[in-house]
Amino acid sequence: MRYAFIKEHVGDFTIRSLCRLFDLHPSGYYAWMRKPKSARQCKDDKLSGLIKQAWLESGCVYGYRKIHRDLQDYGERCGINRVHKLMRIDSIRAQVGYRKPRHRSGEVHVVTPNTLAREFNPLQPNQSWVTDITYIRTHEGWLYLGVVMDLYSRKIIGWSMGSRMVKELVLDALLMAVWRRKPGSRVIVHSDQGSQYTSYEWQEFLKEHGLEGSMSRRGNCHDNAVAESFFQLLKRERIKKRIYLTREIAKQDIFNYIEMFYNSVRRHTANNLLSPREFERRFESETGKCLLN
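The rules we used
Residues numbered from 1 in each chain as written. Predicted model: local features only at pLDDT ≥ 70, side-chain atom pairs only at ≥ 80, totals over all residues. Heavy atoms only, no water. Helix = DSSP H or I, 4+ residues; strand = E, 2+ residues; numbered from the N terminus. Buried < 20%, exposed > 50% of the residue type's maximum accessible area, 1.4 Å probe, protein only. Contact = heavy atoms within 4.5 Å. Areas by Shrake-Rupley, 256 points an atom, 1.4 Å probe, with all protein chains shown as cover. Axes fitted to C-alpha atoms, helices over the stretch in contact; angles between N-to-C directions. Parallel < 35°, antiparallel > 145°, perpendicular 65-115°, else oblique. Nonpolar A, V, L, I, M, F, W, Y, C, P; charged D, E, K, R; others polar. Phe/Tyr/Trp six-rings, centres within 6.5 Å; stacked < 30°, edge-to-face > 60°. Core = buried A, V, L, I, M, F, W, Y, C linked by side-chain atoms within 4.5 Å. Pairing = 2+ DSSP bridges.

Give a description of the overall build of the chain that names residues and reports values.
Looking only at helices and strands, the chain has 11 helices and 5 strands in total. With respect to the three principal axes, the spread of C-alpha positions in the chain is 80 × 50 × 35 Å. By residue count, 45% of the 293 residues in the chain fall in the buried class. Within the chain, contacts between residues separated by at least 24 positions form 63% of all contacts whose residues are at least 6 apart in sequence. Of the accessible surface of the chain, which amounts to about 16,400 Å², a share of 52% is contributed by carbon and sulfur atoms.

An account of the packing of helix H4 (residues 39-57) against helix H6 (residues 80-89) is needed here, citing residue identities and associated values.
Helix packing geometry: the angle between the two helix axes and the distance between the axes. Where H4 meets H6, the closest approach of the two axes is 10 Å, and the angle between their N-to-C directions is 75 degrees. Classified by the interaxial angle, the pair formed by H4 and H6 is roughly perpendicular. When H4 is examined against H6, the residues Arg-40, Lys-43, Asp-44, Leu-47, Ser-48 and Ile-51 are found in contact with a partner set consisting of Arg-82, Val-83, Leu-86 and Met-87. Considering only residue class, the contact of H4 with H6 consists of 5 nonpolar, 1 polar and 4 charged.

Break down the packing of aromatic side chains for me, with residues and values.
This model, assessed by the stated rule, comprises 11 aromatic pairs. The interplanar angle of 70 degrees and the centroid separation of 5.4 Å between the aromatic rings of Tyr-135 and Trp-142 together place this pair among those described as edge-to-face. Ring geometry for Tyr-197 and Trp-202: centres 4.9 Å apart, planes at 80 degrees, overall edge-to-face. Classification of Tyr-197 as buried rests on a relative accessible area of 1%. When its relative accessible area of 2% is taken as the criterion, Trp-202 is described as buried. An aromatic cluster is present here, built from Phe-230, Phe-231, Tyr-257, Phe-261 and Tyr-262 joined pairwise through their rings.

Could you give an account of the nonpolar core, naming the residues involved and the relevant values?
Of all hydrophobic cores here, the largest spans 35 residues; its most connected members are Ile-51, Ile-67, Leu-71, Trp-129, Leu-174, Trp-202 and Leu-211. Here this core gets 7 residues from one element, more than from any other, and that element is helix H7 (residues 167-181). Residues within four places of Leu-211 in sequence aside, it is in contact with Leu-174, Val-178, Pro-183, Val-187, Val-189, Phe-205 and Leu-206. Residues Phe-231, Leu-233, Tyr-257 and Tyr-262 belong to the second largest nonpolar core, which totals 26 residues.

Outline the sheet that holds strand S1 (residues 128-138), listing residues and values.
Taken in spatial order, the 5 strands line up as S3-S2-S1-S4-S5 in an open sheet, and their pairing is mixed. Because the sheet does not close on itself, it has two edges, and the strands there are strand S3 (155-162) and strand S5 (211-215). Averaged over all adjacent pairs, the angle separating strand axes in this sheet is 25 degrees, with direction ignored. As paired elements, strand S2 (residues 141-150) and S3 share 7 bridges and run antiparallel to each other. Along S3, the bridge assignment pairs Tyr-144 with Gly-162. Strands S1, S2 and S3 of the sheet are contacted by helix H9 (residues 225-239), whose axis makes an angle of about 35 degrees with S1. Of the strands in this sheet, S1, S2 and S3 touch helix H10 (residues 247-262), which is tilted by about 20 degrees from S2.

Right, dumping it as structure tokens:
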């Protein structure tokens, strides 16, 4: 570890002064430098590079659990504790306060029970919707994307994009979902406990449209895993290694991914390898029910 520290700071101080600090002889440092890396060290170097790439693609917000899941998707076999250790060594960590509600004076914040309870496979459309927000990097700054997904087909039925992560973002996405579906019975709408979803306006919108709120338990991302999974697909399949010049360019590309590819074309394992739109078309054909958009 002392030799590693010297190597890391050799550009700031001379090797002799650093060796003197640790009561080491420079010849020992040079011998250590000539020593070939072990197979495990080579593997760690490769994993560190993949970890940093996955972390940057997440908008610098993912922690070790989600990074470990990304590495599994890349085909890398490694333990979650090893990922945690390598991230700690490289000072890579989750963004502090990600989606943490900010309580402001005078605002009403309501947390509802986890009614959905991870029942991610309803028997028909318009029974359970999930909603969430993610970040997309552009040269103009962050672009925020809010989506609403029908769990039956995994179709994105509502979405909204903006330069600020405010309650209007999620309300516009939910308004699109209601306008497209026009549900005739109770629908569970599941979210996390972000301040956008605990706001008075969100709760009122649910009541006005006959929707039932449901929220993940605090700090438990698995309660909204399907929405998180969609964002991982979006970033891996479309946004990976891209930094958009403007928010407008990013909006056009994300619209293209959601409406022209993901909903219409992309095969989904949860749908027996049918696209969300085709899966719903077959439901309509079998039941005679019209889902509108």
